[in-house]
Structure formats: C-alpha cells, structure tokens
Amino acid sequence: MRSDCIIDLSYLHIFRFSTSRQTLTWIPDSFFSSFPEANKLEMYPSLKEISFFFYKIFIDRDPTAFAPILNFLRTKELDLRGVNISILRHEAEFYGITPLVRRLLLCEELERSSCGSVLFHGYLPPPGRLRSSLPGPSGADGPQRLGIVLAFIITIIIIIIGSPVDPRKVLIVAGHHNWIVAAYAHFVICYRIKESSGWQQVFSSPYLDWAIERVALNAKVVGGPHGDKDKMVAASSESSIILWSIQDGGSGSEIGVFSLGVPVDSLFFIGSQLVATSHTGKVGVWNAVTQHWQVQDVVPITSCDTAGSFLLLGCNNGSVYYIDMQKFPLRMKDNDLLVTELYHDPSNDAITALSVYLTPKTSVSGNWIEIAYGTSSGAVRVIVQHPETVGSGPQLFQTFTVHRSPVTKIMLSEKHLVSVCADNNHVRTWTVTRFRGMISTQPGSTPLASFKIISLEETESHSSYSSGNDIGPFGERDDQQVFIQKVIPITNKLFVRLSSTGKRICEVQAVDGTTITCFTVRECEGSSRMGSRPRRYLFTGHANGSIQMWDLTTAMDTVGGPTEEELLKLLDQCDLSTSRCATPNISPAPSVLQHSRLRESCSRYYSPKVYSQVGIFKQNSFSCQV
C-alpha cells in the first residue's frame, strides 16, 4: 500500500473521515497498522474494483469518539474540550493508540485522589477484629502459616458459593446525635465523635451466631438501667432481638434477649423505649424504667411513623392507630399497650406509607397535628387535627390521586409534601403553604416536581439490604431534605438529590474504590462553641468493612442528575438478569405491606419503564473507506 493512499471513514453516510495511511499507521502495533500492504491487495478483490489508492473498511465503533483520536494522529496534540475522558480512553485502548492512552490515564489520575474531594470528611478503617479474624499468631511457623492460608481460602470459598452474608462488609449504618453504629454480619460497633479527637470506637459487641438484619441506636437515654448517661444499641435477626447498654466509659453489658415471635420488620427507639414491629400485626416494646418487654397483637401493619412520644401505625384495614409511650409504665402492668384508632381511610385502602408533622403550635396534649399518608391504591391524603376538633378526631384536608402504584414512602415537612410509589421510585412533590406555622388552604398545596429515583437491588439480597440502603428522604423537617440514589447494587458511587425537585446536590465516590454496601444521613453536633449549628453528614459502609463520611452541608453544586449517559454507564456494570428494583422503606420503619407484592410492581432492569428515563439507544458504528 502506498503511503499517500486515501482512507475514507464514514458512518451511515453521515459521519465521514478522510485521511492518509501514513497518518493512521505511524504508531506501531495499533489497530490501523494491520492494514494490508499494496502487494497484498489481491487478497481483497472488492478493493480492486474501487481503486488501487482508495478502499473502504467498516469499523463497528462510535464515530463521535473517533474524531478526537484522528486529530491526535494528525497533530500529536490532544484537545479535551467537550470530551468524556473515560469514553475516549476506552476507544483509544481499542485502537491501540498507546501514547494517547497514557495521556488520558494521566488526566484521569489528576481527577482522582485517595484523599477524596472537598466533601470527604473522614475514613474509619475496618475494625481490628476483621483484620485479625484469621487464626494463628503473626509470627507463626511454616505449618501454622499454611493452616492460616487454608483457613482463608476456605472462608473465601464459603463466601463465593453461597454464604448468606459476607462477614467483612458493613450491612447497616445508623446514627443518633453524635453516635453511629455499624452492623456487620455477626457483631456491631459503635463510634462517637468529639471535637478534639474526632471519631473514636467506643463499643464492640460480642460475636452473634445469627446474621444481623436490623439495628437501632439511642445516644440519649433518660432513666436507663445505669443512669441517664447510658447509651443503648439493639440488633435483630428473624424474631430475636438483643439489647446492650453502653456506659459512659465505653464498657457495655447485655440487657437481654427478647422475642417478637414473628420476623422483625422495623426496630427503633422512642425515648427510652425500644420498639419492634412486624407486618403480621405484632408490636413489641421494652421500657427502660420498668425493664419490661411487652408484645401485643394488632391489625397487620403496613407502615409506621413516630411523633414525639407517639407511635402511629398504618394498617391493612385502612385505619391509622396510635400508641402513647408516656402511658407505658401504667398500661403495661395491665398487659395492654392501649392501641387507639385515630383515623380510617374513606376508601378502606391499606395505609402503605405514613408521615407525621408536629407544627410549632402543637402543645403537650397534641392539639394540632398533621398527618400525610399513602395507600395501596396510590392515593395521597393529608389529615389535620385542629384545636377546635380535638373531640372529633383528625379531619381530611387534601387528597391527591397522582400515583397508579402503591405509595411506598411519604414525607410531610415544613415546606414540602413528598410521595414515592412502587413504580421505580416515582416521586411527586408539592409545595406546602402555611399560615403561622399551620398548613393553609390559601393557596394550598401546589404541584412542584415529578421524577424517579432509580434504585436497583440484587434478586437474592439479604434482609438487611432494605434497611441499609433506604433512599430517604433524609433531613430535619424544617430544613431541605435529600434522597440518596444508589443506581445499581454493586457500585462505589452515590448521587445526593434534593427531595423537593430531584436536582443533584453532589455525587460521592468511594476514595478507595470499594463497593458501597449501605448508607445513611445524620446531623452531628461537632462543635460545642456558641452559635455553631449541627452539620449534616453522609455515612457510607463498604465491602471491605470501612466507613467513609461526607460533608453534605458543604455540598453546594446543584447540577441535576444523574444524566442519561451516567445512568446507562452504571447499568452497563450490572447483570440485568439477576436484579430487580429496590422497594424503598419508611423511616424509621419500613413500609411492610407484603414487600413481595410491592416489588412485583417494579420492573426489571430491562423494563421499558426504566429505559423511558434513559432514552433511546443509538447505533454506534461507522464505515472506514480506504
């Protein structure tokens, strides 16, 4: 082949590139250096029909990424304006353009840092009991070291071939005030932050024989078994619950092991009371004053929420019930939790999501209360308890019928009403108008936004996955709240989005590249200085056992997202045949309306509903004419 022969590159007769053989083949061992020489053209009879100096080759690649590559081959210079570095490097690797690949790798390294971005706040390494879990001393002789290696290999094989939970990864991260608890498969670890020393480990539980599914933490116990300085942490698996007390110095002791009799769907504290609920219709309560565990049957529970000392239950018969925790020391002697019906849905639909907002006008007796709830038919209703209607119960305030799938999450805050349904986490939001702190009908709630929080879950995930990967919304009800979007199960990236509009606040990526296995958002009071305000942090648990922290208060970049390209790139990393949509949970307790039924309404990765957000796929190939 002559060096001055013309090479014509075209894509469906729209994209066309023309250059010379010398331009394409000056880099040895590249894709183009394998073009036939002139004396070998008899092997390509179709080429003779065109011209000795002009022929065509079809290349099934993206033509838009080829343009900057061709410019580099011509000028040996690189222009990255408007170019995705990762995609360009992938294409350069395909064509074997080694000098370009090296430059792009360097550009990518400039954007990465093991110390994270400005939002990265801290790193808690895997606990020592994970790092030293293999038997034998560090100075073991040859046979001992061989035994250690064999034990390690056996552990890895067990994990690969079907162990229900990887013992190394963090399953759940939860927090309360300046404390967080990390749940691993068989133990929990508590950390505390102080302004002078930062985050410090203060408690590590004994090894448990069963795999942990739920955790709860109370960092401000009043009237605990060892005084008001106690902290309490609880963990559950199936129907069993274990509760520990943590003293001021960090030493812990087991309070007891309790049974709900049925699988625990939610576990949380209300004041000094530990509460466990099950969708089968059971509520269990442990009181710190009486040291008494009480279980009571109620109507099958499909949602729940807390407000002050009240526990509110949404049930499958269309009723909202409440339990007053302040009356426990009196009523529990009678073996009665005093479950009282508060409201009944006019359509008799199951209450699948529940949110209670206590206005500034609410008195100790609860004269003014606002409740938003969602139903199995997709309706969203707001009911209010006016001071003048205390005797007659809450009154229906507003109804929205914008969802066609069961409502799985709902949040009523000072400024917004947010609802999420089972259709791939479809979110609808409204602005809330208030007069003197109380919800008002003038002009009333007005539609604000509609978007989806695509969040996919492994088909065979552990029961702890739903509680450890709750999308939110997170945040105080008098402040802006956020959703946390984890697009695919195995990823090192999360998107933080405003719950009111869906706009992206920021994205975080694991500084060590490890998979994010769980997350939560909490506000911590890191400083005791006068005038200092709590800061909001995102805590991420990882597959290697570490915990990473991100400062959401500093996050100011609202660029919207994830984009269609980012979503497609994440989906490409996932096995679509073994995944499903994640059904979200209610905070503090899950919306437990027969989770399988809600999940069935979620389409799989390849569902047209998912791709309706992603967009239309375009054919990426082009022709190379020589």
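What counts as what
- Residues numbered from 1 in each chain as written.
- Predicted model: local features only at pLDDT ≥ 70, side-chain atom pairs only at ≥ 80, totals over all residues.
- Heavy atoms only, no water.
- UniProt positions renumbered as here; feature names shortened; annotations may be inferred.
- Helix = DSSP H or I, 4+ residues; strand = E, 2+ residues; numbered from the N terminus.
- Buried < 20%, exposed > 50% of the residue type's maximum accessible area, 1.4 Å probe, protein only.
- Contact = heavy atoms within 4.5 Å.
- Areas by Shrake-Rupley, 256 points an atom, 1.4 Å probe, with all protein chains shown as cover.
- Arc of directions from axis to C-beta.
- Polar contact = N/O pair within 3.5 Å; in protein donor to acceptor, adjacent residues only side chain to side chain.
- Axes fitted to C-alpha atoms, helices over the stretch in contact; angles between N-to-C directions.
- Parallel < 35°, antiparallel > 145°, perpendicular 65-115°, else oblique.
- Nonpolar A, V, L, I, M, F, W, Y, C, P; charged D, E, K, R; others polar.
- Pairing = 2+ DSSP bridges.
- Core = buried A, V, L, I, M, F, W, Y, C linked by side-chain atoms within 4.5 Å.
- Salt bridge = Lys/Arg side-chain N within 4 Å of Asp/Glu carboxyl O.

Per an unreviewed UniProt entry, the recorded name for the chain is BTB/POZ domain-containing protein KCTD3, and the organism is Cyprinus carpio. If you open the UniProt record of the chain and go to Function (unreviewed entry), you find "Accessory subunit of potassium/sodium hyperpolarization-activated cyclic nucleotide-gated channel 3 (HCN3) up-regulating its cell-surface expression and current density without affecting its voltage dependence and kinetics."

For this particular structure, what's the right way to read the overall build of the chain?
Per the secondary structure count, the chain includes 12 helices and 40 strands. Looking at the chain as a whole, 53% of its 626 residues qualify as buried. Residue pairs at least 24 apart in sequence account for 55% of intrachain contacts in the chain once pairs closer than 6 positions are excluded. As displayed, the chain offers around 28,400 Å² of accessible surface, 53% of which is attributable to carbon and sulfur atoms.

Any chance you could explain helix 4 (residues 85-95) here in plain terms?
Listing the buried residues of helix 4 in full gives Ile85, Leu88, Arg89, Glu91, Ala92 and Tyr95. The buried residues of helix 4 all sit within an arc of 165 degrees when viewed along its axis, so they share a single face. The residue sitting at the N-terminus of helix 4 and contributing the capping side-chain oxygen is Asn84; that oxygen lies 3.0 Å from the backbone nitrogen of Ser86. Two residues or fewer after helix 4 comes Gly96, characterised by a positive phi angle close to 70 degrees.

Which parts of the structure should I look at to understand the packing of helix 3 (residues 63-75) against helix 4?
Think of two packed helices as two axes; the pair is described by the angle between the axes and how far apart they sit. At their nearest, the axes of helix 3 and helix 4 sit 10 Å apart, and the two run at 70 degrees to each other. The pairing of helix 3 with helix 4 is recorded here as roughly perpendicular in orientation. Residues Ala65, Phe66, Pro68 and Ile69 of helix 3 touch helix 4, and the partners they reach there are Ile87, Leu88, Glu91, Ala92 and Tyr95. Along the lines of polarity and charge, the residues of the contact of helix 3 with helix 4 split into 8 nonpolar, no polar and 1 charged.

How do you make sense of the sheet that holds strand 22 (residues 351-357) when you look at a structure like this?
The strands making up a sheet associate through backbone hydrogen bonding, with each pair oriented either parallel or antiparallel. Taken in spatial order, the 4 strands line up as 22-23-24-25 in an open sheet, and their pairing is antiparallel. Of all strands in the sheet, those bounded by a partner on one side alone are strand 22 and strand 25 (395-400). Mean inter-strand twist for the sheet, computed between neighbouring axes without regard to direction, equals 20 degrees. As paired elements, strand 22 and strand 23 (residues 369-375) share 6 bridges and run antiparallel to each other.

In this structure, what is going on with the sheet that holds strand 38 (residues 547-551)? I would like to understand it.
One open sheet holds the 4 strands; their spatial order is 5-38-37-36, and the pairing between them is antiparallel. Edge positions in the sheet fall to strand 5 (120-124) and strand 36 (516-524), since each of these pairs with one other strand and no more. Between one strand axis and the next, the sheet turns through 20 degrees on average, direction left out of account. Pairing between strand 5 and strand 38: 4 bridges, direction antiparallel. Counterpart to Gly122 in the pairing with strand 38 is Met549.

Explanation requested: the pairing of strand 15 (residues 273-278) in the structure shown.
By the criterion of burial, strand 15 is predominantly enclosed, with 6 of the 6 residues buried. Pairing of strand 14 (residues 266-270) with strand 15, which is carried by 5 bridges, proceeds in the antiparallel orientation. Pairing of Ser266 across the sheet is with Thr277, part of strand 15. In this antiparallel pair of consecutive strands, strand 14 and strand 15, the connection spans 2 residues, and Gly271 shows a positive phi of 65 degrees. In the sheet, strand 15 pairs with strand 16 (residues 282-287) via 5 bridges, with the strands oriented antiparallel. Residue pairing in the sheet places Ser278 in a bridge with Lys282 of strand 16.

Explain the nonpolar core here, please?
Taken as a class, soluble globular proteins show a tendency for nonpolar side chains to be buried jointly. Residues Val181, Val188, Cys190, Phe203, Val215, Val233 and Trp244 are the most contacted members of the largest nonpolar core, which totals 23 residues. Secondary structure elements with two or more residues in this core: strand 6 (172-176), strand 7 (179-183), strand 8 (188-194), strand 9 (198-204), strand 10 (214-218), strand 11 (231-237) and strand 12 (240-246). When residues no more than four places from it in sequence are discounted, the contact partners of Trp244 are Val188, Phe203, Ser205, Pro206, Leu208, Lys231, Met232, Val233, Ala235, Ser253, Glu254 and Ile255. Among the nonpolar cores identified, the runner-up in size contains 19 residues, and Phe474, Leu494, Ile516 and Leu538 belong to it.

Sorry if this is basic, but what is going on with the pattern of salt bridges here?
Between side chains of opposite charge, pairing is possible as soon as their charged atoms come close. Evaluation of the coordinates by the stated rule reveals 15 salt bridges. For Lys452, the salt bridge identified is with Asp423, shortest N-O distance 3.8 Å. On the criterion of sequence distance, the pair formed by Lys452 in strand 31 (residues 446-452) and Asp423 in the loop between strand 27 (416-421) and strand 28 (426-431) is long-range, its members being 29 residues apart. Overall, the relative accessible area of 16% leaves Lys452 in the buried class. The exposure class of Asp423 is buried, given its relative accessible area of 18%.

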